[in-house]
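Letter by letter, the chains look like this.
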Amino acid sequence: MKIGVLVVAYNAEDHLAETLDRIPRDFIDQITAVLVCDDASQDNTYEVGIGYSDSGSVNAASLPVEITRRPVNLGYGGNQKAGYRWAIETGLDIVVMLHGDGQYAPEFLPEIVQPLVNGKADAVFGSRMMESGQALVGGMPRYKYYGNRILSSYQNALAGTDFTEWHSGYRAYSVAALQNIPFLDNSNGFDFDTEIIVQLVESGAQIAELPIPTYYGDEICHVNGLAYAWNVTKLVSRYRMHKMGFGTGELTFASQTYEIKENIDSSHGQLLSWMANQPPSRVLDLGCSDGLLGHRLRALGHHVTGVDVGHVDGVESRLDVFVQHDLDTGLPATLDDDYDVVLCADVIEHVRDPAALLSTARTHVAANGSLLASVPNFAHWYPRLRVVLGLFDYDRRGILDATHIRFFTRRSFEQLIDRAGFAIVRRDATGLPLEVADRGLDESNVSGRLGFIRSVDRALVRARPQLFGYQFLYELVPAERG
């Protein structure tokens, strides 16, 4: 494997040569390249690097060192971005980040790359916290030690991880894993290290930790501790919100935009409970997405035909029939005219002309059939509050989903139902989707601990659905039968 060492350096003239000398002699023949990135230092770091090969130092003759000087200071994160681009363009398999001030032990290089060489990890982090108390023995100030522990615990809780440390600067990455994440979008500051962890977690990368020794000497720390803590706290908080569906969602680039709603109180859960009481039926699922809802309908004994503009891998295997078609252009001409149930689950708000869709769907309802629909409630207190506070913006999921074209209140949707030629047989409303609190958390059951909030919310939905109903559900039949 081609292994590269990226040495990030800023004002490191007193430590750079010694740091390079500490790389184990018996590991040098495994190193393809060493790039020292001087981030526009104000001292002689660059000159030390240029002169290293002719310095007569321990590793000078055998270490494949090249040095580059940034014309302007890119920042700790910006320096890494440029270095990882170098690793990709050079065709390396593994890149290890080493600090030019020697704070992280170069002697540990053979150990930190081993899980990557063995194919057991996509990234390896050196942790100063794995061995209890060793960081303090190594000279880490107590305020940094306890700050590290508190921040790491908070980050683990929100990201759904169990790392012993989030703040070590000793990292080894598979270059393929780096190519799989948008690290170039990250901060140029010290919070880059946290952003790249979040991205690796989001991408499903395997991350290993290894204990490393802690060294605190006369190196100068350039980190503003309070600003750093605030930035990484904001970052993991945004990640958790994005996993739950709030905000723009760029941090959750590998997550599905639409997911089956498993909870019995959700719109999908309610619709499935309605269908559980139906005899085996022919179902037309408009806007079937990945087919997971249709798959559950099939498990109830129903025959399901799904229609959607996009094709998701595996959708054909989950449905009896899949038709790829844009609902904005009407319904496919190949559909039958007598489905027992036409299902419009969370799709009507995505089309340009909902009235036309419902009117056309009515012609495909069998003589004794019905149409089941669910729509988000724009008059729910959450979007109302956002508008009142002047914070209206779109989210990745939910009522303010960025892909929603039309918004409905209960009154406006029921007017639409009437214009489309339907009569209401049954109407219901769901409460807050508290299960979103569990997204991205493998073992946690946050929503299960929100029982009191759930009970209050459900009571409010019953008392005032127009304000507290998150989604409305309807069973409709052609008006002539109603």
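The model shown is predicted, which means the values in this text are computed figures rather than measured ones.

1. Structural notes on the packing of aromatic side chains
- Counted by the stated rule, this structure contains 18 aromatic pairs.
- A centroid spacing of 5.5 Å and a plane angle of 80 degrees characterise the contact between Tyr84 and Tyr173, whose relative ring orientation is edge-to-face. Of this pair, Tyr84 sits in helix H3 (residues 75-90) while Tyr173 sits in strand S6 (residues 171-174), placing them 89 residues apart in sequence.
- Residue Tyr173 is classed as buried on the basis of its relative accessible area, which comes to 0%.
- The interplanar angle of 40 degrees and the centroid separation of 4.7 Å between the aromatic rings of Phe378 and Phe407 together place this pair among those described as tilted. Of the two residues, Phe378 is situated in the loop between strand S12 (365-376) and helix H14 (381-388) and Phe407 in the loop between H14 and helix H15 (410-419); the sequence distance between them amounts to 29 residues.
- Put simply, the rings of Tyr84, Phe125, Phe163, Trp166, Tyr173, Phe183 and Phe192 pair up and form one aromatic cluster.

2. What about the sheet that holds strand S3 (residues 65-69)?
- If you trace the 7 strands from one edge of the open sheet to the other, you get S3-S2-S1-S4-S6-S5-S7, paired in mixed fashion. The open sheet is flanked by S3 and strand S7 (207-211), the only strands paired with a single partner. Each strand axis lies, on average, 20 degrees off the axis of its neighbour in the sheet, ignoring direction.
- Sheet analysis places strand S1 (residues 3-9) next to strand S2 (residues 31-38), joined by 7 bridges and oriented parallel. Within the sheet, the bridge partner assigned to Ala9 lies in S2 and is Asp38.
- Sheet strands in contact with H3 are S1, S2, S3, strand S4 (94-99) and S6, and its direction is about 160 degrees off that of S1.

3. Here's the deal with the sheet that holds strand S14 (residues 471-478)
- In spatial order, the strands read S10-S9-S8-S11-S12-S14-S13; together these 7 strands make up an open sheet with mixed pairing. Of all the strands in the sheet, the pair left with one neighbour each is strand S10 (321-324) and strand S13 (422-430). Direction aside, the axes of adjacent strands within the sheet are offset by 15 degrees on average.
- As defined by bridge partners, S13 adjoins S14 across 8 bridges and the pair is classed as antiparallel. Across the sheet, Arg426 pairs through a bridge with Glu475, a residue of S14.
- Across the sheet, helix H10 (residues 267-276) touches strand S8 (282-286), strand S11 (339-345), S12, S13 and S14, and the angle it forms with S14 is around 35 degrees.

4. Some thoughts on helix H8 (residues 192-203)
- Relative to the 16 Å expected for 12 residues at 1.5 Å per residue, H8 spans 16 Å between its end C-alpha atoms, a close match to the ideal helical length.
- Within H8, 10 of the 12 residues are buried, which leaves the element mostly enclosed by the surrounding structure.
- Every buried residue of H8 is listed here: Phe192, Asp193, Thr194, Glu195, Ile196, Ile197, Val198, Gln199, Leu200 and Glu202.
- Positive phi appears at Gly204, one or two residues downstream of H8, with a value of about 85 degrees.

5. Here's the deal with the packing of helix H6 (residues 142-159) against helix H9 (residues 225-244)
- Viewed as axis vectors pointing N to C, H6 and H9 meet at an angle of 15 degrees, and their least axial separation amounts to 9 Å. What the angle tells us is that H6 and H9 run roughly parallel. With respect to the hand of their crossing, H6 and H9 are arranged in left-handed fashion. Between H6 and H9, the residues in contact are Leu151, Tyr154, Gln155, Leu158 and Ala159 and Ala229, Val232, Thr233, Val236, Ser237, Tyr239 and Arg240, respectively.
- Tallied by class, the residues present in the contact of H6 with H9 amount to 8 nonpolar, 3 polar and 1 charged.

6. Comments concerning unusual backbone geometry
- Not every positive phi belongs to a glycine, and Asn11 is a case in point at roughly 50 degrees.
- Along the chain, Asn11 falls in the loop between S1 and helix H1 (16-21).

7. Let's talk about the pairing of strand S5 (residues 123-127)
- A large share of S5 lies buried, amounting to 5 of its 5 residues.
- Residue alternation in S5 divides its side chains into two sets, Ala123, Phe125 and Ser127 and Val124 and Gly126, and both sets are buried.
- Bridge analysis of S5 against S6 gives 3 bridges, and the strand direction is antiparallel. By the bridge assignment, Phe125 is partnered in S6 with Arg171.
- By the bridge criterion, 5 bridges tie S5 to S7 in an arrangement that is parallel. When the sheet's bridge partners are listed, Ala123 is paired in S7 with Ile207.

How each quantity is defined
- Residues numbered from 1 in each chain as written.
- Predicted model: local features only at pLDDT ≥ 70, side-chain atom pairs only at ≥ 80, totals over all residues.
- Heavy atoms only, no water.
- Phe/Tyr/Trp six-rings, centres within 6.5 Å; stacked < 30°, edge-to-face > 60°.
- Helix = DSSP H or I, 4+ residues; strand = E, 2+ residues; numbered from the N terminus.
- Buried < 20%, exposed > 50% of the residue type's maximum accessible area, 1.4 Å probe, protein only.
- Pairing = 2+ DSSP bridges.
- Axes fitted to C-alpha atoms, helices over the stretch in contact; angles between N-to-C directions.
- Contact = heavy atoms within 4.5 Å.
- Expected span 1.5 Å × (residues − 1).
- Parallel < 35°, antiparallel > 145°, perpendicular 65-115°, else oblique.
- Left-handed = near helix turned anticlockwise from the far one by under 90°.
- Nonpolar A, V, L, I, M, F, W, Y, C, P; charged D, E, K, R; others polar.

So far we have only geometry, and geometry alone does not tell us how the molecule works.
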